[in-house]
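# Coordinate inspection notes
The residues making up each chain are set out below.
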Amino acid sequence: SKAQLFDKGAKVNITFADVAGLDEAKVEVMEIVDFLKNPKKYTALGGKIPKGALLIGPPGTGKTLLAKAVAGEAQVPFFSLSGSDFVEMFVGVGASRVRDLFKTAREKAPCIIFIDEIDAIGRARGRNAIMSNDERENTLNQLLVEMDGFAGDVGIIILAATNRPDVLDSALLRPGRFDRQISIDKPDVKGRETIFLVHLKPIKISQTLDIHKLAEQTPGFAGADIANVCNEAALIAARKGKEAVDMADFQDAIDRVIGGLEKKNKIIL
Ligand code: ATP
């Protein structure tokens, strides 16, 4: 059901400790946390606090997680909507959802608004889109109006995620809108190891488990894939009646996740 298109200012208890790796991105968003906590400190000398930042990177790399962690660290409400929610929407509905969202956010500020898959709304005009062009443009225009309609010091910061920054309408990237860009890449072997460590925490693992080896065996995996591997491995071991999850279970889980990824890629091709 599309009845509720955004989380109404949910409290989040996710922090930077839940986000493994992404060290450079974390440094950049820490500044946003500080803007939310101490706006006066930044506006004291006449500076303007940025309204938005774009998180750019492939699916499953932790963009949503990082946005939630910003809200969690700043202890502010988290509002979110996804560009894909606007697909097949009736005329006028997209724009009014955006208006409602910003109205609520203004009441609850300081807060974070997270827009996932912003490219679904924010594609440059005249390109092929899933949504009818007029309706998508109405939604995009409303977003631009809302972003321009509040001062930087009201304490609303908009984080938007995309893996297609190249298709975005340049109006979105102008100063005063999404003028900061933070790239979130797929993890390297060291990053994968730290992501494994986060997701192995709740799992009963065998003492012989070689976490470095797991990281080496998962090139190209995003954080979401690694979370998936850890969960699959725990289920595989449980089915076999084991007391702890061992290397063989992880091997099976990795194979299974690779199989799933291959299928997904086939569908795209
Ligand atoms: P999408 O573009 O598909 O929305 P995303 O980049 O927003 O993806 P998330 O939704 O943040 O990805 O990640 C999905 C899940 O994968 C997270 O909830 C978390 O369990 C895991 N994950 C991804 N990246 C990381 C990371 N860097 N550290 C820890 N867990 C991660």
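Report on the accompanying structure. Everything numeric here is computed off the predicted structure, so don't read it as measured data.

## Some details on a negative patch on the surface
On the surface, Asp-23, Glu-24, Glu-28 and Asp-185 cluster together to form a negatively charged patch. Here Asp-23 is to be found in helix H1 (residues 23–37).

## Let's talk about H1
Helix length check: H1, at 15 residues, gives a terminal C-alpha distance of 21 Å against a target of 21 Å (1.5 Å per residue), a fit within 8%. Buried residues of H1: Ala-25, Lys-26, Val-29, Ile-32, Val-33, Asp-34, Phe-35 and Leu-36, and no others. In this fold, the buried residues of H1 make contact with helix H2 (39–43), strand S1 (52–56), helix H3 (63–74), strand S3 (111–116), strand S4 (156–162) and strand S5 (178–183).

## Some points on empty space enclosed by the protein
According to the stated counting rule, one finds one cavity of 30 Å³ or more in the structure shown. Reported here for the largest cavity is a volume of approximately 30 Å³. As for the largest cavity, its lining consists of Leu-81, Val-98, Leu-101, Phe-102, Ile-115, Ile-121 and Leu-143. For the lining of the largest cavity, the element with the highest residue contribution is helix H4 (residues 93–108), accounting for three residues.

## Considerations on the pairing of S3
Taking burial as the measure, the six residues of S3 include five buried ones, the bulk of the element. The pairing of strand S2 (residues 78–82) with S3 spans five bridges and is parallel. Bridging from a neighbouring strand, Phe-79 pairs with Ile-113 of S3. Direction of pairing for S3 relative to S4: parallel, over a ladder of five bridges. Across the sheet, Ile-115 pairs through a bridge with Ala-160, a residue of S4.

## Some points on the packing of aromatic side chains
Within the structure shown, the criterion is met by three aromatic pairs. Measuring from centroid to centroid gives 4.7 Å for Phe-35 and Tyr-42, while their planes differ by 85°, and the two rings are edge-to-face. Exposure remark for Phe-35: the relative accessible area of 6% places this residue in the buried category. Judged by relative accessible area, which is 25%, Tyr-42 ranks as partly exposed. Note on Phe-78 and Phe-114: the rings are 6.0 Å apart at their centroids and 25° apart in plane angle, and the pair reads as stacked. Residue Phe-78 is found in strand S2, and its partner Phe-114 is found in strand S3; the two are separated by 36 residues along the sequence. The burial state of Phe-78 is the same as that of Phe-114; both residues are buried. Here Lys-51 stacks its cationic end above the ring of Phe-150, 4.9 Å away from the centre of that ring.

## Concerning the layout of surface pockets
Empty space within the largest pocket amounts to approximately 620 Å³. In terms of lining, the largest pocket is formed by 28 residues, of which the most central are Ala-20, Gly-21, Leu-22, Asp-23 and Asp-185. Of all the elements in the fold, those that place two or more residues in the lining of the largest pocket are H1, S5, helix H7 (189–200) and helix H9 (223–239). When residues in the lining of the largest pocket are grouped by element, the largest group, six residues, is from H7. Class assignment of the residues belonging to the lining of the largest pocket gives a composition of eleven nonpolar, nine polar and eight charged.

Definitions and cut-offs
Residues numbered from 1 in each chain as written. Predicted model: local features only at pLDDT ≥ 70, side-chain atom pairs only at ≥ 80, totals over all residues. Heavy atoms only, no water. Patch = residues over 30% accessible without salt bridge, like charges linked within 9 Å, V, L, I, M, F, W, Y side chains within 5 Å. Areas by Shrake-Rupley, 256 points an atom, 1.4 Å probe, with all protein chains shown as cover. Salt bridge = Lys/Arg side-chain N within 4 Å of Asp/Glu carboxyl O. Lys, Arg positive; Asp, Glu negative; His and termini not counted. Charge placed at Lys NZ, Arg CZ, Asp CG, Glu CD. Helix = DSSP H or I, 4+ residues; strand = E, 2+ residues; numbered from the N terminus. Expected span 1.5 Å × (residues − 1). Buried < 20%, exposed > 50% of the residue type's maximum accessible area, 1.4 Å probe, protein only. Contact = heavy atoms within 4.5 Å. 1 Å grid on protein atoms, 1.4 Å probe; cavity = no way out; pocket = protein on both sides within 12 Å on 5 of 7 lines; lining within 4 Å. Points joined across faces, edges and corners; volume = space filled by probe spheres on them. Pairing = 2+ DSSP bridges. Phe/Tyr/Trp six-rings, centres within 6.5 Å; stacked < 30°, edge-to-face > 60°. Lys NZ or Arg CZ within 6 Å of the ring centre and 35° of its normal. Nonpolar A, V, L, I, M, F, W, Y, C, P; charged D, E, K, R; others polar.

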